[in-house]
Amino acid sequence: MEIREPHALPADAQLTCQDIVAALDRHIIGQHEAKRAVAIALRNRWRRMRLPEVVRREVVPNNIVLIGPTGVGKTEIARRLAQVGSLPFLKVEATKFTEKGYVGRDVDSMVRDLVENAVNLVRQRKEAEVRGEIDQAVEERLTDLLFPPLRTESDDPERRERWRRSRDKVREQLRQGVLEDRPVTMATEQSKVQIANIFTSAGMDVDPGLEDSLKGMFPKKTVEKEMTVAQARKRLFEEESSRRIDPDRLAQEAIDLAEQGGIIFIDEIDKIAGKGGGGGSGPDVSREGVQRDLLPIVEGTTVSTKHGTVNTDHVLFVAAGAFHTAKPSDLIPELQGRFPVRVELDSLNEEDFVKILRDTDSSLLKQYQALLDVDQCQLKFTEEAIVELARIAAELNKRLENIGARRLQTILAQLLDDLLFEVPTARTGPFEVTPEFVRERLEGIIQDEDLTRYIL
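Thresholds applied
Residue positions are given per chain, counted from 1 along the sequence in the order it is written. Thresholds applied to this predicted model are a pLDDT of at least 70 for local features of residues and 80 or more for the giving and counting of side-chain atom pairs; totals over whole chains, interfaces and linings are not thresholded and use all residues. Side-chain numbers here rest on the full set of heavy atoms in the structure, without hydrogens or water. Under the DSSP-based scheme used, a helix requires at least four consecutive residues in state H or I and a strand at least two consecutive residues in state E, with every element numbered from the N terminus. Exposed residues in this analysis have more than 50% of their type's maximum accessible area, buried residues have under 20%, and partly exposed residues fall in between, with area computed by a 1.4 Å probe over protein chains only. Here a polar contact is taken to be a pair of N or O atoms separated by no more than 3.5 Å, where protein atoms must pair a possible hydrogen donor with a possible acceptor and residues adjacent in sequence count only if both atoms sit in side chains. Here, two residues are considered to be in contact whenever any of their heavy atoms come within 4.5 Å of each other. One bridge is not enough; two strands pair if DSSP finds at least two bridges between them. Helices are assigned an expected span. That span is 1.5 Å times one less than the residue count. For helices, the axis comes from a line fit to the C-alpha atoms of the stretch in contact; other axes are also lines fit to C-alpha atoms, and the angle between any two N-to-C directions lies between 0 and 180 degrees.

Draft legend 1. Seen up close, the side chain of Gln31. If you trace the backbone, Gln31 turns up in the loop between α1 (17–25) and α2 (32–49). Judged by relative accessible area, which is 6%, Gln31 ranks as buried. One polar contact links the side chain of Gln31 to the main-chain carbonyl oxygen of Val72, over a distance of 3.2 Å. Among the polar contacts listed, one links the side chain of Gln31 to the backbone oxygen of Asp346, at a separation of 2.8 Å. When sequence neighbours within four positions are dropped, the list of residues in contact with Gln31 reads Val72, Ile77, Leu345, Asp346 and Leu348.

Draft legend 2. Region of interest: the pairing of strand β7 (residues 308–311). Taken together, the four bridges between strand β6 (residues 302–305) and β7 define a ladder with antiparallel strand orientation. Residue pairing for β7: Ser304 is matched across the bridge by Thr309. Counting the residues between successive antiparallel strands, the hairpin from β6 to β7 contains two residues.

Draft legend 3. The arrangement of helix α5 (residues 108–129) in detail. For α5, built from 22 residues, the straight-helix expectation of 32 Å at 1.5 Å per residue is met to within 8% by its first-to-last C-alpha distance of 33 Å. For α5, the full list of buried residues reads Ser109, Met110, Val111, Leu114, Val115, Ala118, Val119, Val122, Lys126 and Glu127.

Draft legend 4. Quick peek at the sheet that holds strand β1 (residues 64–67). Within the open sheet, the five strands sit side by side as β2-β5-β8-β1-β9. Their pairing is parallel. The sheet is open, and its two borders are formed by β2 (89–93) and β9 (341–344), each paired with just one other strand. The average angle at which neighbouring strand axes cross in this sheet is 20°, direction not considered. For strand β5 (residues 263–267) and strand β8 (residues 316–321), the ladder comprises four bridges, and the chain directions are parallel. Paired with Ile266 across the strands is Ala319, a residue of β8.

As structure tokens, this is what we get:
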């Protein structure tokens with residue numbers, strides 16, 4: 001197999017382990033051991049790229065299993081890790097896959113989806129490099145749609161000057177955004193045969209790569225389509241971007257990025273642990289068969305995608321599961337050996353909930369404050385109210401199913417339900433959430449055993 005010289009990982013991947021943990025601390029409370037494990041894994045990817053070629057080929061990532069109940073941050077840790085490193089990330093659920101030979105998604109599709117994410121990531125970087133040039137071209141074409149050029153060169157200087165002033169005025173309005181809802185007619189190309197309709201009418205899902213391949217087999221037709229300026233701007237941006245970005249180079253860089261820096265998060269891995277049929281319901285598809293299909297992907301294999309072949313030798317796999325009824329040792333031995341790092345995550349308590357609400361970037365409180373600020377309602381939470389919310393969330397998790405930090409989202413939705421409905425018609429201006437308001441809105445639900453069934 002030909003060995004390609006990989007592209008260097010993004011500069012953000014050169015962060016130290018302490019820097020990575022600090023970046024994760026901004027979004028995730030606690031779980032220090034899990035943060036350490038993923039920080040080491042990300043730093044090792046950067047270290048590997050600095051090794052001589054002969055050694056680099058032999059160094060494989062230490063895949064990780066995160067063990068812990070729902071709502072403690074397993075998915076968030078992996079997702080934020082990918083953001084810190086500016087790397088392609090894909091989350092899949094192990095239960096969505098079926099053994100080869102059965103109807104359903106095969107495990108190769110996760111690699112194809114990862115490459116698509118890598119393509120989008122590389123395209124965004126390249127678009128950022130030529131953004132000014134693209135925006136200028138889009139603006140010129142939108143101006144032509146709204147105020148067409150002169151059909152012939154006019155000999156009248158005054159007429160040409162009026163035309164130029166009118167176009168400049170239209171261009172200025174475009175920059176100010178006042179014409180975004182104005183309708184324009186634009187010529188677009190589309191396939192005469194809708195490939196997706198052929199498969200969906202037969203009750204089948206079509207792989208995006210197969211759909212794109214089949215589209216090239218059918219002729220295209222040009223149609224005049226009416227749309228708003230905002231819609232035309234998006235369509236023209238895509239066209240101008242494709243003209244300036246070499247698709248072959250884009251695909252190659254995306255494949256390299258997926259191979260050297262890709263992260264695949266496999267959730268609910270415990271649901272396919274153990275031997276036997278599919279858990280007593282649904283089609284009798286062997287869970288062990290899905291594990292055996294996963295094994296070559298995790299070990300390292302070559303998968304064909306529409307952008308080219310992808311080798312998974314150096315893709316980092318992070319698996320996660322609650323493991324309430326199963327144990328990691330219930331996975332087939334070959335798969336266990338491919339996940340050498342195992343980390344148990346702690347359940348969240350009342351103190352953790354206070355920090356999640358108060359200290360994290362983009363916390364739920366900050367999100368609700370931003371939402372209501374749009375309607376001129378300045379929402380404020382007192383420290384005592386935050387503590388009370390955390391107490392109620394912890395109590396509900398003890399009395400009902402423990403869903404971790406997700407409980408905060410359910411009680412905040414209940415707490416602010418009336419306010420969100422009334423603003424801005426019946427209420428605007430400052431609104432302070434106090435512990436008394438929290439107890440008034442939520443205490444009755446907590447005390448009523450019947451109503452607690454309706455709180456997730």
